[in-house]
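Structure at a glance
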Amino acid sequence: MKACFMGLGYIGLPTSVIAAKHGVKIVGVDINPQVVNMTNQGRLHIIEPGMKEMLQEVVNNGCLHASNTPEVSDAYFMVVPTPFKGDHEPDISYVESATRMVLPLLKQGDLYVIESTSPVGTTEKMAELIFTERPELRDHVYIAYCPERVLPGNVVYELIHNDRVIGGLNEASTKKAQEFYSLFVQGTLHPTDCKTAEMCKLTENSCRDMQIAFANELSIICEKAGINVWELISLANKHPRVNILQPGCGVGGHCIAVDPYFISSEFPKEARMIAMAREVNNSKADWCAEKVQNAMLRFELDKKRKPAVAMMGLAFKPNIDDLRESPAKYIVTKVMQKCNNASIMVVEPNITEHKIFKLTDYREAYNKADIVVFLTAHTPFKELKWRDDKVILDFCGIFRK
Ligand code: SAJ
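Fair warning: this is a prediction, and the values are worked out from it, not measured in the lab.

Cut-offs used in this document
Residues numbered from 1 in each chain as written. Predicted model: local features only at pLDDT ≥ 70, side-chain atom pairs only at ≥ 80, totals over all residues. Heavy atoms only, no water. Helix = DSSP H or I, 4+ residues; strand = E, 2+ residues; numbered from the N terminus. Rg over C-alpha atoms; globule rule 2.2 N^0.38 Å. Buried < 20%, exposed > 50% of the residue type's maximum accessible area, 1.4 Å probe, protein only. Contact = heavy atoms within 4.5 Å. Areas by Shrake-Rupley, 256 points an atom, 1.4 Å probe, with all protein chains shown as cover. Lys, Arg positive; Asp, Glu negative; His and termini not counted. Charge placed at Lys NZ, Arg CZ, Asp CG, Glu CD. 1 Å grid on protein atoms, 1.4 Å probe; cavity = no way out; pocket = protein on both sides within 12 Å on 5 of 7 lines; lining within 4 Å. Points joined across faces, edges and corners; volume = space filled by probe spheres on them. Nonpolar A, V, L, I, M, F, W, Y, C, P; charged D, E, K, R; others polar. Pairing = 2+ DSSP bridges. Axes fitted to C-alpha atoms, helices over the stretch in contact; angles between N-to-C directions. Domains from an automatic or database assignment. Buried area = accessible area lost by both parts, 1.4 Å probe. Phe/Tyr/Trp six-rings, centres within 6.5 Å; stacked < 30°, edge-to-face > 60°.

**Details of the overall build of the chain**
Looking only at helices and strands, the chain has 13 helices and 14 strands in total. Taken over C-alpha atoms, the radius of gyration comes to 24 Å for the chain, in line with the 21 Å a tight globule of 401 residues would show. Reported as C-alpha extents along the three principal axes, the dimensions of the chain are approximately 80 × 50 × 40 Å. A burial count over the chain gives 52% of its 401 residues as buried. Sequence-distant contacts in the chain: of pairs separated by 6 or more residues, those separated by 24 or more amount to 69%. In the structure as shown, the chain presents an accessible area of about 19300 Å², 53% of it carried by carbon and sulfur atoms. In the chain, which carries 46 positive and 49 negative side-chain charges, the distance between the mean positions of the two groups comes to 6 Å.

This is the structure in structure tokens:
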């Protein structure tokens, strides 16, 4: 069995490495020459615990190699980005161009799978593209959608153990795709049709976005009411059927902050709560930035001098180095733009250097600052002791009860 993975990013690379470990011969394709070179040298271009050793092993034993063009295989996987454009409409052009690249190689009996998060109807659209260009393949290739659902940072475990949803263009395609994933997935492979599988991925991330929006909305209400939101949530969660997530300074990353728009842009009248959750989570970052600016102004009025401010955390979630769509980074930038004469220290313990922000050690910043703003709940911050002599804005529950 030989498989061709189109896209060697955060999902394509780990999936192809795990498949190679389970006996599938892999060609991984990427348009970025640096990614291709590094992969062929057995060097990991992403940060993912446990992945480096596995990549070295499958490259050294010849089970996986990278290239900038696809090769004739038995199965083809589209694992490329699907960003949004304009007014949050999904952009499936990468899926389409990856499909066009493999089109000339497809032959009878092959499997074609989309893993990229995609708007409903994408698999059927790509099937039409394939059959228009290669009419002789109609009813002779297997086409399916199988979304990934792994959590960055825990990918090796989740790729093998999570259940997966597999939606074929027809039953034969679903079965063929199930056969492939059963080579390395120990979780259950749930069969469905391709539209349901597409919607399922969008639903999972929209559900989490809505639950976080509920927590963020509560945090704003509690602030006005003078209630500790962390204590409140922990108490409410003692109810056997209540499980509220944690508020923060907003929602970031390339999944939860993006995927709900794939539903709301296509169903704008119907997707009212989904769209509202996005608004609530986006506006939480502005609310936090405003709180910081107000605290700075108050300090200046009271003390007749400008405060030293520590902004703690830039990553989009705890204990990672990923700043994509990070609300923390957005807040730091906004505060810096509004208060350009202020002394602002920026802290991110998971990266050593940043091309825009000069980074300060977290202990030093905490000691020196008059105002401390906790944006990302990185574990090292939790060692710090509460100080009554500082103004502390704890947006992510470092000192939660
Ligand atoms: N967040 C909160 N409060 C919480 C949980 C998260 O504010 O209680 C924030 C985080 O700080 C972060 C954002 O939400 O800014 C997203 O983080 P996350 O850990 O919830 O999710 P991601 O984006 O790293 O990964 C999600 C996962 N989806 C779900 O849990 C439903 C993952 O399983 C998916 O594979 C991934 O999206 C994806 O690729 O779609």
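Next comes the rest of the account.
**Describing empty space enclosed by the protein**
Across all of its chains, the model carries 1 cavity of 30 Å³ or more by this definition. Looking at the largest cavity, the residues that line it are P147, E148, R149, V150, E158, L159, N162 and R164. Along the lines of polarity and charge, the residues of the lining of the largest cavity split into 3 nonpolar, 1 polar and 4 charged.

**Here's the deal with the sheet that holds strand β9 (residues 164-168)**
As summarised here, the arrangement of the 8 strands in space is β3-β2-β1-β4-β7-β8-β9-β10, forming an open sheet in which the pairing is mixed. Only two strands of the sheet have a single partner each, and these edge strands are β3 (64-67) and β10 (189-193). Averaged over all pairs of adjacent strands, the angle between their axes in this sheet comes to 25 degrees, without regard to strand direction. Relative to strand β7 (residues 111-114), strand β4 (residues 75-78) runs parallel, the two sharing 4 bridges. Considered in β7, the bridge of M78 is made with I114. Sheet strands in contact with helix α8 (residues 194-225) are β8 (142-145), β9 and β10, and its direction is about 120 degrees off that of β10.

**Topic: the domain arrangement of the chain**
You can read the domains of the chain as domain 1 (2-199) and domain 2 (225-250 + 287-394). The distance between the C-alpha centroids of domain 1 and domain 2 comes to 38 Å. In this assembly, 4 residues from domain 1 lie in contact with 4 residues from domain 2. For the pair domain 1 and domain 2, the summed buried area comes to about 330 Å², and 52% of that belongs to carbon and sulfur atoms.

**Looking at the packing of aromatic side chains**
Both the distance between ring centres and the angle between the ring planes are used here to describe each pair of aromatic rings. The tally for this structure, following the rule as stated, stands at 13 aromatic pairs. Between W287 and F395, the aromatic rings sit 6.2 Å apart at their centres with planes inclined by 65 degrees, giving edge-to-face as the arrangement. Of this pair, W287 sits in helix α11 (residues 272-303) while F395 sits in the segment after β14 (391-394), and the two are 108 residues apart along the sequence. Judged by its relative accessible area of 8%, F395 is buried. A centroid spacing of 5.9 Å and a plane angle of 55 degrees characterise the contact between Y362 and F381, whose relative ring orientation is tilted. With a gap of 19 residues between them, Y362 in helix α13 (residues 362-368) and F381 in the loop between β13 (371-374) and β14 connect regions that are remote in the sequence. Like F381, Y362 is buried. Three or more aromatic residues joined by ring pairs form one cluster here, namely Y362, Y366, F374, F381, W386 and F399.

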